[in-house]
Structures are given as C-alpha cells and as structure tokens.
Amino acid sequence: MWRPGRLVERNALVARRSPALFLAGFAEPVLLLLSIGFGVGGLVEELEHRGSTVPYAEFVAPGLLVVAAMTATAMDVSFTFFIKLKYLKTYDAVMATPLGGRDVAVGELTWSLLRIAVYSTAFLLTMVAFGLVHSWWALGALPVALAVSFAFGGAGLAATTYMRSWVDFDKVWLVLIPQFLFSGVFFPLDRYPGWAATIVRCLPLHQGVEAARQLVLGQPTWAILGHVAYLAIMGAVGLRIASRRIDRLLAP
C-alpha cells in the first residue's frame, strides 16, 4: 500500500474534527478578491495585458488564486509542520512505524495539495460567479495552483527542518511578503524599471501568476510549460532535502 497515504488519512481525520479550521481557507482569497479586485479595481478600472485591455478585477484574480495556494501551503509546511515536529512529537510516533522520512514529507505535502485543490476549485467557481472568467482555458489554472503549492510546499518543508525556534519564522514572512507584493499580482511588469522586472521574472510566485493569468484570460503561450517546469523542479528539490533532513532529525 502507499505508505504516505496513512499520514494523509491521519490529517483528514483531524480536519474532520475541526471543520471550521479547514473551511477558513476558503475565506482569504475571496476577501482579497472583494477588497482588492473590486475595491481597488473601482479606482484603477482597466489594465493592458499582452495587447488586450482587461478590467482590473480580471487581471488580479488569477494572481490571487496562486497567492492563496502559496500562503495556505506555506502555513501547512511551516507553522503546522513545526508544531508537529518539535512540540507534539507526532513524527516521533510515525517513525516508530514502517514509515520513514520520505513518507512523512510526501504525506504532508500530499495533504496540503489536496487542500489546495479544494480551495482553488472553490475560488475559481467564485471567479466564474463574479463574471471574471470567459475562457475554458481557465481550468488550466487549477494545475498551475497545484504546481505553486508543490513548489512552496517542498521548499517550505525543507526550510522548516532547519528552524530551531519561533524566532526563525520571521524569515518565512521575509520570503512570502515580497513574493506577494512584487510578483506581478497587482500590476504588470512594464511598470517596473528594467532591472527590477528581470528580478521579478525569476521569482517562484511570478511563474504561477503569469501562467494562471494567461490561462484565465484565454491567452495561453508555450511559456506556461517553462513556468510549470520551474515550479516542479523547485518542489522536487525541496522534497528531497526535506526527506533526508527528517530522517536525520528523527532516526534513532
């Protein structure tokens, strides 16, 4: 049997006993869409994207979809994972079974991906309800959101294994907040100076923002494959490091 699935099953049972905590993940992207997409959108009105003029809410919504995937995953693999690792000693019990470090890493990341799949689907349906989706290509934004979740999940798990105390979590926000603000979620790259735009193009979140925006707006290009490959490599490398670190930290 697939051993990481046992950890997924365990997390699902815990979530079933705390439905409010699970459902809270739906609220954040919707509130951001209402406050920024429509609130700020009432002032900005329209932006140009790839030669087309689009309403600001339609421009921002795909970016908020992948931002929600990034932040929800980051919370799972940093704060929640750290508590289980350092305080609840959940994985000490897990490692006493036939499961190993790789099973723990894969199981936790798989659970996070399942949650993101539910949240992203709900948010995409919300976008449809608000009239922000006009192309069937928008369905491709769901795999993109999962790719973002995989990338930040793998990297986040690896980083959390090096954290020693809660003080280290300041570094999590030091990574997430600049990604949120400067990855092209709220305005196009042509508003940046040339050197700054080059830096933004290298950011992990920008890969997801650009891919999801092209798909939701019905303007897909082959560059999407490059964006997804970037995210897949980032997640795979992080997952491998996390697996080895968990074994090293918890092996008797």
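For the structure, see preceding data.
Definitions and cut-offs
- Residues numbered from 1 in each chain as written.
- Predicted model: local features only at pLDDT ≥ 70, side-chain atom pairs only at ≥ 80, totals over all residues.
- Heavy atoms only, no water.
- Helix = DSSP H or I, 4+ residues; strand = E, 2+ residues; numbered from the N terminus.
- Rg over C-alpha atoms; globule rule 2.2 N^0.38 Å.
- Buried < 20%, exposed > 50% of the residue type's maximum accessible area, 1.4 Å probe, protein only.
- Contact = heavy atoms within 4.5 Å.
- Areas by Shrake-Rupley, 256 points an atom, 1.4 Å probe, with all protein chains shown as cover.
- Axes fitted to C-alpha atoms, helices over the stretch in contact; angles between N-to-C directions.
- Left-handed = near helix turned anticlockwise from the far one by under 90°.
- Nonpolar A, V, L, I, M, F, W, Y, C, P; charged D, E, K, R; others polar.
- 1 Å grid on protein atoms, 1.4 Å probe; cavity = no way out; pocket = protein on both sides within 12 Å on 5 of 7 lines; lining within 4 Å.
- Points joined across faces, edges and corners; volume = space filled by probe spheres on them.
- Pairing = 2+ DSSP bridges.
- Core = buried A, V, L, I, M, F, W, Y, C linked by side-chain atoms within 4.5 Å.
- Salt bridge = Lys/Arg side-chain N within 4 Å of Asp/Glu carboxyl O.

## Quick look at the overall build of the protein chain
At step 1: Looking only at helices and strands, one finds eleven helices and two strands in the protein chain.
At step 2: In the protein chain, the succession of α and β elements from N to C terminus is α-α-α-β-β-α-α-α-α-α-α-α-α.
At step 3: Relative to its length of 252 residues, the protein chain is compact, with a C-alpha radius of gyration of 19 Å against a globular reference of 18 Å.
At step 4: The principal-axis extent of the C-alpha atoms belonging to the protein chain is close to 60 × 40 × 35 Å.
At step 5: Within the protein chain, the fraction of its 252 residues that count as buried is 50%.
At step 6: Look at the contacts in the protein chain between residues 6 or more apart in sequence, and 78% of them connect residues 24 or more apart.
At step 7: Of the roughly 12400 Å² that the protein chain leaves accessible, carbon and sulfur atoms contribute 68%.

## Section: the packing of helix α6 (residues 101-129) against helix α7 (residues 141-160)
At step 1: In the contact formed by α6 and α7, the axes pass within 9 Å of each other and the chain directions differ by 145°. The interaxial crossing formed by α6 with α7 has right-handed handedness. Of the residues in α7, those in contact with Ala105, Leu109, Ser112, Leu113, Ile116, Ala117, Ser120, Thr121 and Leu124 of α6 are Leu142, Ala145, Leu146, Ser149, Phe150, Gly153, Gly154 and Leu157.
At step 2: For the contact of α6 with α7, a count of residues per class yields eleven nonpolar, six polar and no charged.

## Here's the deal with the layout of surface pockets
At step 1: Its boundaries defined by the atoms lining it, the largest pocket holds a volume of some 660 Å³.
At step 2: Lining the largest pocket are 29 residues; nearest its centre among them are Leu21, Asp76, Thr80, Trp111 and Arg115.
At step 3: Breaking the lining of the largest pocket down by element, the ones donating at least two residues are α1 (4-17), α2 (19-23), α3 (27-44), α4 (56-87) and α6.
At step 4: With ten residues, α4 is the largest single contributor of residues to the lining of the largest pocket.
At step 5: Its residues placed into classes, the lining of the largest pocket shows 17 nonpolar, six polar and six charged.

## Focus on the pairing of strand β1 (residues 46-49)
At step 1: Only one face of β1 is covered, namely the one carrying Leu47 and His49; the face carrying Glu46 and Glu48 has none of its residues buried.
At step 2: Here β1 runs beside strand β2 (residues 52-55); their pairing, made up of four bridges, is antiparallel. Across the sheet, residue Glu46 finds its bridge partner in β2, namely Pro55.
At step 3: Hairpin connection between β1 and β2: a loop of two residues separates the two successive antiparallel strands, and Arg50 in this loop has a positive phi of roughly 55°.

## Quick notes on the nonpolar core
At step 1: Ranked by size, the top nonpolar core spans 50 residues in total, and within it Leu64, Met127, Val148 and Leu205 carry the most contacts.
At step 2: Broken down by secondary-structure element, the contributors of at least two residues to this core are α3, α4, α6, α7, α8 (170-182), α10 (204-216) and α11 (223-250).
At step 3: The biggest single contributor to this core is α4, with 14 residues.
At step 4: With sequence-adjacent residues up to four places away left out, Val148 is seen in contact with Val66, Ala69, Met70, Leu205, Gly208 and Leu231.
At step 5: If you look at the next biggest cluster of nonpolar residues, it comprises 18 residues, including Val94, Leu99, Ala105 and Leu109.

## Considering the pattern of salt bridges
At step 1: A complete count under the given rule lists seven salt bridges for this structure.
At step 2: Across the pair Glu108 and Lys84 runs a salt bridge, and its minimum N-O distance is 3.2 Å. With Glu108 in helix α6 and Lys84 in helix α4, the pair connects residues that are 24 residues apart, well separated along the chain. For the pair Glu108 and Lys84, a shared accessibility class is recorded, and that class is buried.

## Some details on empty space enclosed by the protein
At step 1: Taken as a whole, this structure holds one cavity of 30 Å³ or more when the rule is applied.
At step 2: If you add up the space inside the largest cavity, you get close to 30 Å³.
At step 3: Pro29, Leu65, Ala68, Ala69, Tyr119 and Ser120 are the residues that line the largest cavity.
At step 4: Broken down by secondary-structure element, the contributors of at least two residues to the lining of the largest cavity are α4 and α6.

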